[in-house]
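# Architecture and fold: a report
Next come the chains, spelled out residue by residue.
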Amino acid sequence: MGFARACSVALVGVEGVVVEVQADLEPGVAAFTLVGLPDKSLVESRDRVRAAVVNSGAEWPQKKLTVGLSPASVPKGGSGFDLAVACAVLGAADRIDPAAIADVVMIGELGLDGRVRPVRGVLPAVLAAAEAGYRHVVVPEQTAGEAALVPGVTVLGVRSLRQLIAVLGDEPVPEEPVADRGRPDAMLAGLMVPGAGLGTGLAPFSSDGTAHRPDLADVAGQGRARKALEVAAAGGHHLLLSGPPGAGKTMLAERLTAILPPLSRQESLEVTAVHSVAGILPPGEPLIGRAPYCAPHHSATMQSLVGGGNGLPRPGAVSLAHRGVLFLDEAPEFSVRALDALRQPLESGHVVVARAAGVVRLPARFLMILAANPCPCGRHTLAGAGCECPPSAVRRYQARLSGPLLDRVDLRVEVEPVGRADLMGSGGRGETSAEVAGRVREARERAAERLAGTPWTTNSEVPGHELRTRLVTAPGALMAAERDMERGVLTARGLDRVLRVAWTVADLRAADRPDASDIAVALELRTGIQRGVPMRAGAS
């Protein structure tokens, strides 16, 4: 009787569970049994592994073969277990030393000819292996750069099963032909989900940088909305842009990622892990360093926004926008269920999706921008534009954005139509994204210095209790906000959000703490009621 074991990783959402792949050979009729709660794609690995082993020059054992995946209670799916199954079988057949693979994590799909094909989710899988104490990982050659992002782990990238057998047996490593570089590499097909990427609005510009990158200087006029965008970027505040069609709401939203600061190392790993699992990680870009941008269509379902699907839930738009921007254009056209499902991730920074196959916790800390027209025809706020929508239709249209959802939005700005002087350029060109991004970066540095030693990094994350007790405003600064609470204009949550915005406004003007004018600016940005105080956020 022969026995050997190797290790692989089962992904549950964006979290991994190390799975021990055990192979047992016994005398009897030749058979191949796979146990351990596998799905259909994993059951089919029996035929892939057998053909790959034979075509790699090794002999397939003609005995009763049982392969067990432990722990058996965890659902397992995908083709990433092929490499571990093949090595466990070869170890049980004494083709390779069982001790050499006992503590090695192997991730990869096998082709029938023995080539090792890349799979999605390599980064979170290697992160899970490192947390479990494993230090040696074998992955497909195309994803070796992604796996090498995890510190303290030795990564071996292989092109074929034949090469891995030679490495484990201290034999000369055979050369494998390299694919023709004049055409797309077919081996990378398993990394990208058809229909994902730029076509779903995951970036407003091409990832290779060849297309024109949107710049704030392209926006004509809209000084008030531009400053609100700067406040949103500096503090991580959610924003509602309301105005007639053609005023520039989408242009402003697409330029928000250009003024956000680069992601930190930890944030980059979080974003890369989610995109790797979702199958939208750009080839040749193992680490995402800029904030993602996700703009789903208004026909998106609730499952596509928060996550879902058959079996174990997959990341939705809120997770794909983690540490970045989620833009909901024509927000009132989204279904009420889809919009109200955003309430919980807006508060907690994560989403918990429960299905019959299991419960998955997905990261979802994003900056949300809503764009809405004032009425179905969009001309309700335009003087003399001839809006024919009855008042009841206007009320129903605006009521699609529920009060609890809008209460979680810090900034609400009315985008005015662009004037002729601004559109034709006689009003002067606005600031570029680089200039605004510099002020945003300095404001975030001030906030991070003030919040050092706490679990928060931006003003939007600070709890209300801390804002009212430890982070004290200037004396008498809250009088206007307190009056609004007494009149019912502000809720308790609204007061906390006004304080957060006020701290961001103070950071942008390099002040130690907010004063009455900062509170007035924050109240004006939240309620839309003119306070008679100039907007001092950003450039004067």
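Keep in mind that what you see is a predicted model, and the values were worked out from it rather than measured.

### Some words on the overall build of the protein
- If you tally the helices and strands in the protein, you get 23 helices and 16 strands.
- Taken across its 540 residues, the protein has 51% of its residues classed as buried.
- Summarising the internal contacts of the protein: among those between residues at least 6 apart in sequence, 72% fall at separations of at least 24.
- Roughly 23300 Å² of accessible area belongs to the protein as shown, and the carbon and sulfur atoms make up 53% of that amount.

### Overview of the state of the cysteines
- For the structure on display, the rule yields zero disulfides.
- For C387, which is in no disulfide, the shortest distance to another cysteine sulfur is to C377 and amounts to 3.6 Å.

### Description of the pattern of salt bridges
- Tallied over the full model, the rule gives 30 salt bridges.
- R439 is the partner of E431 in a salt bridge, and the nearest nitrogen-oxygen pair spans 2.9 Å.
- One salt bridge in this structure joins D507 and R450, with 2.9 Å as the shortest N-O distance. A residue pair is termed long-range when its members are at least 10 positions apart, and D507 in helix α22 (residues 492-508) and R450 in helix α19 (residues 433-450) qualify at 57 residues.
- Accessibility expressed as a relative area gives 1% for D507, which makes it buried.

### Quick look at the environment of G236
- Relative to the elements of secondary structure, G236 occurs in the loop between α8 (223-235) and β10 (239-242).
- With 223 residues separating them along the chain, G236 and N459 place their C-alpha atoms 7.1 Å apart.
- Excluding its chain neighbours within four sequence positions, the residues that come into contact with G236 are V231, L367, R444 and S460.

### Comments concerning the side chain of Q222
- With respect to the helices and strands, Q222 occurs in the loop between α7 (161-168) and α8.
- According to the relative accessible area criterion, Q222 is buried, its value standing at 12%.
- If we ignore the near neighbours within four places in the chain, the residues touching Q222 are A247, V415, E416, P417 and V418.

### Remarks on the packing of helix α3 (residues 82-92) against α7
- At a minimum axis separation of 12 Å, α3 and α7 run at an interaxial angle of 45 degrees. Our classification of the angle between α3 and α7 gives oblique. Crossing of α3 over α7 shows right-handed handedness. Taken together, the residues of α7 that come into contact with α3 (itself represented by L83, A86, C87 and L90) are L161, L164, I165 and L168.
- Residue composition of the contact of α3 with α7, by class: eight nonpolar, no polar and no charged.

### A short note on the nonpolar core
- Core analysis: the largest hydrophobic core is formed by 58 residues, its most contacted members being L229, L239, L256, I259, I369, I519 and L525.
- It is α22 that contributes the most residues to this core, eight residues altogether.
- Those residues in contact with L239, other than ones at most four positions away along the chain, are A228, L229, M368, I369, L370, V409, L411 and V413.
- The next biggest cluster of nonpolar side chains, apart from the first, holds 40 residues, and it includes V19, F81, A88 and I165.

### A few points about helix α21 (residues 479-486)
- Turning to α21, its buried residues number three or more, namely A480, A481 and D484. For α21, the angular spread of buried residues about the axis comes to 100 degrees, placing them on one side.
- Summarising the contacts, the buried residues of α21 are in contact with α22 and α23 (516-527).
- G488 sits one or two positions beyond α21 and adopts a positive phi of about 85 degrees.

### Some details on the packing of aromatic side chains
- Taken as a whole and judged by the stated rule, the model has two aromatic pairs.
- Look at F32 and W60: their rings are 5.6 Å apart centre to centre, the planes differ by 40 degrees, and that puts the pair in the tilted class. Taken together, the residues F32 in strand β3 (residues 31-35) and W60 in the loop between α2 (45-55) and β4 (64-70) connect sequence positions 28 residues apart.
- Residue class for F32 comes out buried when judged on its relative accessible area of 9%.

### What about a nonpolar patch on the surface?
- A grouping of L156, V167 and V173 is seen on the molecular surface, where their side chains present a nonpolar patch of about 200 Å² in accessible area.
- Position of L156 relative to the elements: it lies in strand β9 (residues 154-158).
- Of the residues examined, L156 reaches a relative accessible area of 30% and is grouped as partly exposed.

### Thoughts on unusual backbone geometry
- The amide bond that connects S70 to the next residue, P71, takes the cis arrangement and shows omega of 5 degrees.
- At L37, a residue that is not glycine, the phi angle is positive and equals roughly 60 degrees.
- Looking at the element boundaries, L37 is found in the loop between β3 and α1 (40-43).
- The phi angle at E330 is positive, at roughly 50 degrees, despite the residue not being glycine.
- Structurally, the position occupied by E330 is in the loop between β12 (325-328) and α14 (336-340).
- For E330, a relative accessible area of 27% translates into the label partly exposed.

About the thresholds
Residues numbered from 1 in each chain as written. Predicted model: local features only at pLDDT ≥ 70, side-chain atom pairs only at ≥ 80, totals over all residues. Heavy atoms only, no water. Helix = DSSP H or I, 4+ residues; strand = E, 2+ residues; numbered from the N terminus. Buried < 20%, exposed > 50% of the residue type's maximum accessible area, 1.4 Å probe, protein only. Contact = heavy atoms within 4.5 Å. Areas by Shrake-Rupley, 256 points an atom, 1.4 Å probe, with all protein chains shown as cover. Disulfide = S-S within 2.5 Å. Salt bridge = Lys/Arg side-chain N within 4 Å of Asp/Glu carboxyl O. Axes fitted to C-alpha atoms, helices over the stretch in contact; angles between N-to-C directions. Parallel < 35°, antiparallel > 145°, perpendicular 65-115°, else oblique. Left-handed = near helix turned anticlockwise from the far one by under 90°. Nonpolar A, V, L, I, M, F, W, Y, C, P; charged D, E, K, R; others polar. Core = buried A, V, L, I, M, F, W, Y, C linked by side-chain atoms within 4.5 Å. Arc of directions from axis to C-beta. Phe/Tyr/Trp six-rings, centres within 6.5 Å; stacked < 30°, edge-to-face > 60°. Patch = residues over 30% accessible without salt bridge, like charges linked within 9 Å, V, L, I, M, F, W, Y side chains within 5 Å.

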